[in-house]
Amino acid sequence: MKTVFINGSPKKRFSVSSYFLNLQSIFVSGQNVFLKLRTKSDHKKIFEQIINADIVIFSIPLYVDCVPSHVLSFLREMESFCREYKIELKIYTIANNGFIEGKQNATLFRVMENFCTRSNLQWCGGLGIGGGVMFNALKVILMIETGIFLLSILISGILYSNWFPGDAIQSFLFMLLIISFFHSGVIFYMIKMGLKVNKGNGFGENYTRILLPSFLFILIADVFFIIVSLFKGGLFKGWLQRK
């Protein structure tokens, strides 16, 4: 079985869509091919891979309750391509948004379902994830904490010949436990989706979110966007530019 994973984020790197795609691939067996969809130049590479594929899994960010415009343009071309070459594919989609509720992705799933109907492809459902940006933040925190943990082991080993510092290991495991808890809804549904993909069965449309109370999510999001707006387009914009 050949599965093509398509990252539909317009970002060059560090996209949460890519993160979810890599996470989902852990639970999908067979030949896995990873491709980016950012510009029109990516279309040909994708068509070359899907022509002999069995399954396509899209990972797409929600833009104004819909798919991003560059993904919509690709879907139009893919529709013609699949109808012309009579391609049979099973389509799954992972959609993420910046809102707390994964249910916000329902309209995007309608777009993907209609695309499959017009393209004579099989719509197998998808996973809608809320709080997508915060998952990216957790990924960065995990990378930083892992670096600190490895550095602590190295220092402890060199200076004190103790390569298993209990405090550092305990602290790192506790951090892993917290991050895993926030991911637990996503991991549960990705395991479930992986089982369906491996059998070629329909997954339906399921929704989850970062397991964080809504009032805390809103508070953290407000602080984050205020800081970003101040530095990118607000109070400090233009202070260092030549007049």
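Note that this is a predicted model, so its numbers are computed, not measured.

Peer 1: How do you make sense of the overall build of the protein chain when you look at a structure like this?
Peer 2: Assigned secondary structure in the protein chain consists of seven helices and six strands. Its C-alpha atoms give the protein chain principal-axis dimensions of about 65 × 55 × 35 Å. Looking at the protein chain as a whole, 44% of its 243 residues are labelled buried. Sequence separation of at least 24 residues holds for 79% of the intrachain contacts in the protein chain that already meet a minimum separation of 6. Counting only carbon and sulfur atoms, one obtains 64% of the accessible surface of the protein chain, whose full area is about 13,700 Å². Here the protein chain contributes 25 positive and 14 negative side-chain charges, whose respective centroids are spaced 6 Å apart.

Peer 1: Please explain the pattern of salt bridges as it appears in this structure.
Peer 2: Tallying each qualifying case throughout the model produces six salt bridges. The closest approach of N and O atoms between Glu-113 and Arg-110, which form a salt bridge, is 2.8 Å. With Glu-113 and Arg-110 both in helix H4 (residues 106-119) and three residues apart, this pair spans about one turn of that helix. Judged by its relative accessible area of 32%, Arg-110 falls in the partly exposed class. The closest approach of N and O atoms between Arg-110 and Glu-205, which form a salt bridge, is 2.3 Å. With Arg-110 in helix H4 and Glu-205 in strand E6 (residues 204-209), this residue pair connects regions lying 95 residues apart in the sequence. Overlapping salt bridges bring together Arg-110, Glu-113 and Glu-205 as one network.

Peer 1: How should I be thinking about the packing of aromatic side chains in this particular structure?
Peer 2: A full pass over the atoms with the stated rule returns 12 aromatic pairs. Taking the centre distance of 5.3 Å and the plane angle of 70° together, the rings of Phe-20 and Phe-135 count as edge-to-face. You can see Phe-20 sitting in helix H1 (residues 16-25) and its partner Phe-135 sitting in helix H5 (residues 132-160), a full 115 residues away along the chain. Owing to a relative accessible area of 0%, Phe-135 belongs among the buried residues under this scheme. Ring centres of Phe-47 and Phe-81 lie 4.5 Å apart, and the angle between their planes is 10°; this geometry places the pair in the stacked category. Linking Phe-47 in helix H2 (residues 43-50) with Phe-81 in helix H3 (residues 69-84), this pair joins segments that are 34 residues apart in sequence. Accessibility assignment for this pair places Phe-47 and Phe-81 in one class, buried. The rings of Phe-47, Phe-58, Phe-74, Phe-81 and Tyr-85 are connected pair by pair, giving a single aromatic cluster.

Peer 1: What's the story with the nonpolar core in this structure? I'm lost.
Peer 2: Inside soluble globular proteins, nonpolar side chains tend to come together where they are buried. In terms of nonpolar packing, the biggest core is built from 34 residues, with Phe-20, Ile-57, Phe-135 and Ile-210 touching the most fellow members. Not counting residues within four places of it along the chain, the set of residues in contact with Ile-57 comprises Thr-3, Val-4, Phe-5, Ile-6, Leu-21, Val-28, Tyr-92, Ile-94, Met-193 and Val-197. Counting residues in each nonpolar core, the second largest holds 33 residues, with Ile-46, Phe-74, Ile-91 and Tyr-207 among its members.

Peer 1: Looking at this structure, I do not really get H1. What am I missing?
Peer 2: Think of an α-helix as turning once every 3.6 residues; residues three or four places apart then point the same way. Burial analysis of H1 places eight of its 10 residues in the buried class, the great majority of the element. When we look at burial in H1, the residues that qualify are Val-16, Ser-17, Tyr-19, Phe-20, Leu-21, Leu-23, Gln-24 and Ser-25.

Peer 1: Before we go on, may I ask you to explain H5 in this structure?
Peer 2: Along its 29 residues, H5 runs 42 Å from first to last C-alpha, staying within 8% of the 42 Å computed at 1.5 Å per residue. Along H5, the residues classified as buried are Gly-132, Met-134, Phe-135, Asn-136, Leu-138, Lys-139, Phe-149, Ile-153, Ser-156 and Gly-157. Following H5 by one or two positions, Ser-161 adopts a phi angle in the positive range, close to 55°.

So, how was this worked out
- Residues numbered from 1 in each chain as written.
- Predicted model: local features only at pLDDT ≥ 70, side-chain atom pairs only at ≥ 80, totals over all residues.
- Heavy atoms only, no water.
- Helix = DSSP H or I, 4+ residues; strand = E, 2+ residues; numbered from the N terminus.
- Buried < 20%, exposed > 50% of the residue type's maximum accessible area, 1.4 Å probe, protein only.
- Contact = heavy atoms within 4.5 Å.
- Areas by Shrake-Rupley, 256 points an atom, 1.4 Å probe, with all protein chains shown as cover.
- Lys, Arg positive; Asp, Glu negative; His and termini not counted.
- Charge placed at Lys NZ, Arg CZ, Asp CG, Glu CD.
- Salt bridge = Lys/Arg side-chain N within 4 Å of Asp/Glu carboxyl O.
- Phe/Tyr/Trp six-rings, centres within 6.5 Å; stacked < 30°, edge-to-face > 60°.
- Core = buried A, V, L, I, M, F, W, Y, C linked by side-chain atoms within 4.5 Å.
- Expected span 1.5 Å × (residues − 1).

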